[in-house]
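Notes for the structure review
Each chain, written out:
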Protein chains: 2
Amino acid sequence: MSGLYTDLYELRMAASYLRRGLVGPATFSLVIRALPPERGFLVAAGLADALTFLERFDFDDAELDYLRTSRSLPDDAVQALRDLRFTGDVWAVPEGRMVFAGEPLLEVTAPAAEAQLVETALLNIVTHQTAIASKAARCRLAAGGADLVDFSFRRTHGLEAAMAVARASAIVGFAATSNTEAGRRYGLRVTGTMAHSYVESFPDERSAFAAFATDYPTDTVFLVDTYDTLGGVRTAIDVTRQLRLSGPIGVRLDSGDLARLAVAARQLLDREGLTDARIVASGGLDEYAIADLVGSGAPIDAYGVGTRMGVSADAPYLDSAYKLVTFGDRPVMKLSPGKVTLPGAKQVFRGAGGGADVIGLRTEVAPPGHTLLLRPVMAVGQRLATTDEYGPADDVAAARHRFDDDLARLPEPTRRVYDPSTPEPTISPALQRLREDVLGALLDRRAAERLPVSG
Amino acid sequence: MSGLYTDLYELRMAASYLRRGLVGPATFSLVIRALPPERGFLVAAGLADALTFLERFDFDDAELDYLRTSRSLPDDAVQALRDLRFTGDVWAVPEGRMVFAGEPLLEVTAPAAEAQLVETALLNIVTHQTAIASKAARCRLAAGGADLVDFSFRRTHGLEAAMAVARASAIVGFAATSNTEAGRRYGLRVTGTMAHSYVESFPDERSAFAAFATDYPTDTVFLVDTYDTLGGVRTAIDVTRQLRLSGPIGVRLDSGDLARLAVAARQLLDREGLTDARIVASGGLDEYAIADLVGSGAPIDAYGVGTRMGVSADAPYLDSAYKLVTFGDRPVMKLSPGKVTLPGAKQVFRGAGGGADVIGLRTEVAPPGHTLLLRPVMAVGQRLATTDEYGPADDVAAARHRFDDDLARLPEPTRRVYDPSTPEPTISPALQRLREDVLGALLDRRAAERLPVSG
């Protein structure tokens, strides 16, 4: 059950390869061709779901019946899919690593039909999760040391997208999520307090706060802006005293001028001796708003970041491609305007001391002091175990360490939230030579092919 | 299995309501507060998935165990969730109808805990699918009579998002999708031909085209831009003749100056007598690019629309809210800056002859010549059958008729792709009076509440 999670053209091409004995092996390279505006780097994510998809890839009877009865494919082609599984090899950049334009995030080598059939899902999963992790990473950069909480569940693109967002934001250092199912699924810290509707369900704010604090007396966070924000802070202080709440309380500001309200709330809380009370801000936040709040010196301890992070609002997709780079022994490339590809299976070499990466051929030896970014993660359709010093390539905790590691080495101009600089990887001499060879052969053939019609 | 598809605060609030016997009933109203830039209207979508979610809402043992062992909720609260189901009533705008800012798309009346617990999922589903249907509808407006095909699967936010996108685009009149699973799930027409990788898998373009047309001899569409677009068109013509293909062929242009290439391709095809050949354009298209191509007179018969539609790139979320409007017998509203709500269960009245809608109370009688936009779709947790003259409120074919019907009546300034005008619904006198009454009472209470701290 997953074989139909693909574009119909993948099925038609795969059927044609199988019928013609075009078994490849083919290597496809998944790259982000260019970074969106206001992105200095991307953060690799989605590998765990991608590998799970590949492991489970098959066609069940209902799917085969659909293909037959809908006449989407000829009967012999449907028959050929019955026993098809993904039996290929995968190299990938472990989750959490920073990546740049043109660097392969993942490379598949498999019989042509298999490699083709999984294109749609691999592109979908890796593009989405990398876009979100990259956006969330910018919130982390903006927040300085403040905590970040994923509040995006209600406005992601469907319920499953929310799971991916919670996980991607955890990879780049979000402290918690509001998403309960994601908490269970990935072992993330889950937090949550009250909404405006809770306050409105009581005759007045004071009775709502008292009820909530009675039911949840530790780490109670009061949502204070239902009627009047600073009035709400005062009520929260009263209730905290009245109920003699022991742990530090929090107040959440969800609307209005957050910088000004945070300062005023801090004064009220401190004046009443609640110096350990935390101020949480939320409401339409993203890395730009957070950077502005931090820049203004607003005394905010934690940010709830929702929709704009959860859909990567200013760059909701990436310019990703899954391109054939070798077929059999033959390196290939295409020449479509703006979409010219680099031939051959690749590797990315990263220098220990910073500086731009080198994109080369997988068969090349790493330049001195450089490590290999792509690691083998699947062989003959089987997931491989640990791949680097942090742990499995698709584990959240390991990914978080990798991200922290890359973040620590990121040059300042690339860390900027506004107008960051974007390191451009260089191409190794060996890859450049291969590219010129393949290009020359293609141009010769193109000239020859034109003759029959134009002549 | 679905109870954890919610923000933790919903669970905490629900547990508190249950413990305190706050059974409501509560009515929540799901509205889009304001339209994004460049939107003259929205198209209601997501109801089918929303109702399925409500029907299946429950907590299985594993979910209850997680809540207990993670200490997310006290034990008595976990116990109280064990037998909880959604037993409420739902009124909603049927899918496919155009809606405007401030109009409820859906209203839930249920015991407070139930109504609260389903907030996250309902907002998520309806916001996402309405955003996509609205974006796709603009592609329909731009395309004139040309066919539209959903090509978005590879870059939606996850695999499940792609299903919702295929369905939403079908509602607004897309002719087909490339998404095979969506085709099966929703009975949509699925189309697909070849990718660049297919062409590159053969020694040359000519042998690739010949192989594909041999395997798929009817309605063959050749992707012509792998090496050189017009060279590809000539090769497609040669192969069509050589194989004596009977049905009309097509050529797909996927890069470069599509307007110029379409004119040149049309000339080549016509000159060779292939006047029934179709020209398909794709590659980074959205309603703006389509409008420009149509405006330039480019002879394009069909548009493949992918990523930008599938993520609603210029407006990837909507300013949606799920707000408490009555609790028990008491109408409620909140005063948070920029988020003031209208109290009471509502109805939207639409005039037969066009003109702005009227938002009123559900108990009001429709003004003469107006019909009711919100229909009962669920009662006591049970889905209801047909609700209007087109069929079930959550059926794709019925939704498509509703959309066509609303589209036919849409005034020209609202149909524009660039800078459309946006009709603003008016508020009925009865709803205005209720709002003033509730507001007055709230302001009085706020003044009274301030005294203890400030005095």
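Structure report, in brief. In every chain, residue numbers begin from 1 and rise along the written sequence. All chains are assigned letters beginning with A, and all ligands numbers beginning with 1, in the order in which they are written. Predicted model: local features are reported for residues with pLDDT of at least 70 only, side-chain atom pairs are reported and counted for 80 or more only, and whole-chain, interface and lining totals are derived from all residues. Side-chain numbers come from the whole structure's heavy atoms, not from hydrogens or water.

1. Focus on the side chain of Asp 388 of chain B
Residues and elements named next belong to chain B. Mapped onto the fold, Asp 388 is located in the loop between strand S18 (382-383) and helix H15 (396-409). Remark: exposure states derive from per-residue accessible area (1.4 Å probe, protein chains only) relative to the maximum for the residue type, with buried under 20%, exposed over 50%, and partly exposed in between. Given a relative accessible area of 13%, Asp 388 falls into the buried group. Under the rule applied, a polar contact is a pair of N or O atoms within 3.5 Å (in protein, one hydrogen donor and one hydrogen acceptor; residues adjacent in sequence only if both atoms are side-chain atoms). A polar side-chain atom of Asp 388 sits 2.9 Å from the main-chain amide nitrogen of Tyr 390. Of the polar contacts made by the side chain of Asp 388, one reaches the side chain of Arg 402; its length is 2.7 Å. The contact criterion used is simple: two residues touch if any of their non-hydrogen atoms lie within 4.5 Å. Dropping the residues within four chain positions of it, Asp 388 is found in contact with Pro 94, Arg 97, Arg 375 and Arg 402. Each helix is a run of DSSP H or I of at least 4 residues and each strand a run of E of at least 2, with the numbering of both proceeding from the N terminus.

2. A look at the interface of chain B and chain A
Chain B puts 112 residues into the contact, and the matching count from chain A is 113 residues. Buried area, as used here, totals the accessible surface that two parts lose on assembly, with accessibility defined by a 1.4 Å probe and the loss added over both. In total, about 9600 Å² of surface goes out of reach between chain B and chain A, with carbon and sulfur atoms giving 53% of it. Per-residue buried area on chain B facing chain A is highest for Tyr 5, Arg 154 and His 157 of chain B; these three make up 9% of the total on that side. We define a salt bridge as a side-chain nitrogen of Lys or Arg found within 4 Å of a carboxyl oxygen belonging to Asp or Glu. The tally of links between chain B and chain A comes to 11 salt bridges. Taken together, the links from chain B to chain A amount to 61 residue pairs in polar contact (both at pLDDT 80 or more).

3. Thoughts on the pairing of strand S9 (residues 250-253) of chain B
Residues and elements named next belong to chain B. With burial as the criterion, each face of S9 is covered, one bearing Gly 250 and Arg 252 and the other bearing Val 251 and Leu 253. Orient the strands so they point away from the viewer, and a crossover whose first-strand-to-second-strand path over the helix runs clockwise is right-handed. In terms of handedness, the path from strand S8 (residues 221-223) via helix H11 (residues 229-242) over to S9 forms a crossover that is right-handed. In terms of handedness, the path from S9 via helix H12 (residues 258-271) over to strand S10 (residues 278-281) forms a crossover that is right-handed.

4. Description of the pattern of salt bridges
Taken as a whole, this structure holds 71 salt bridges over all chains when the rule is applied. Note that Asp 405 of chain A and Arg 409 of chain A form a salt bridge whose closest N and O atoms lie 2.9 Å from each other. Taken together, the residues span about one helical turn, with Asp 405 of chain A and Arg 409 of chain A both in helix H15 (residues 396-409) at a distance of four residues. With a relative accessible area of 39%, Arg 409 of chain A lands in the partly exposed category. Between Arg 278 of chain B and Asp 147 of chain B there is a salt bridge; the shortest N-O distance is 3.4 Å. A residue pair is termed long-range when its members are at least 10 positions apart, and Arg 278 of chain B in strand S10 and Asp 147 of chain B in strand S6 (residues 147-150) qualify at 131 residues. For Arg 278 of chain B, a relative accessible area of 34% puts it in the partly exposed group. Judged by its relative accessible area of 29%, Asp 147 of chain B is partly exposed. Where salt bridges share partners, they join Arg 97, Glu 103, Arg 350, Asp 357, Asp 405, Asp 406 and Arg 409 of chain A into one cluster.

The quantities given are spatial measurements derived from coordinates; they are silent on function.
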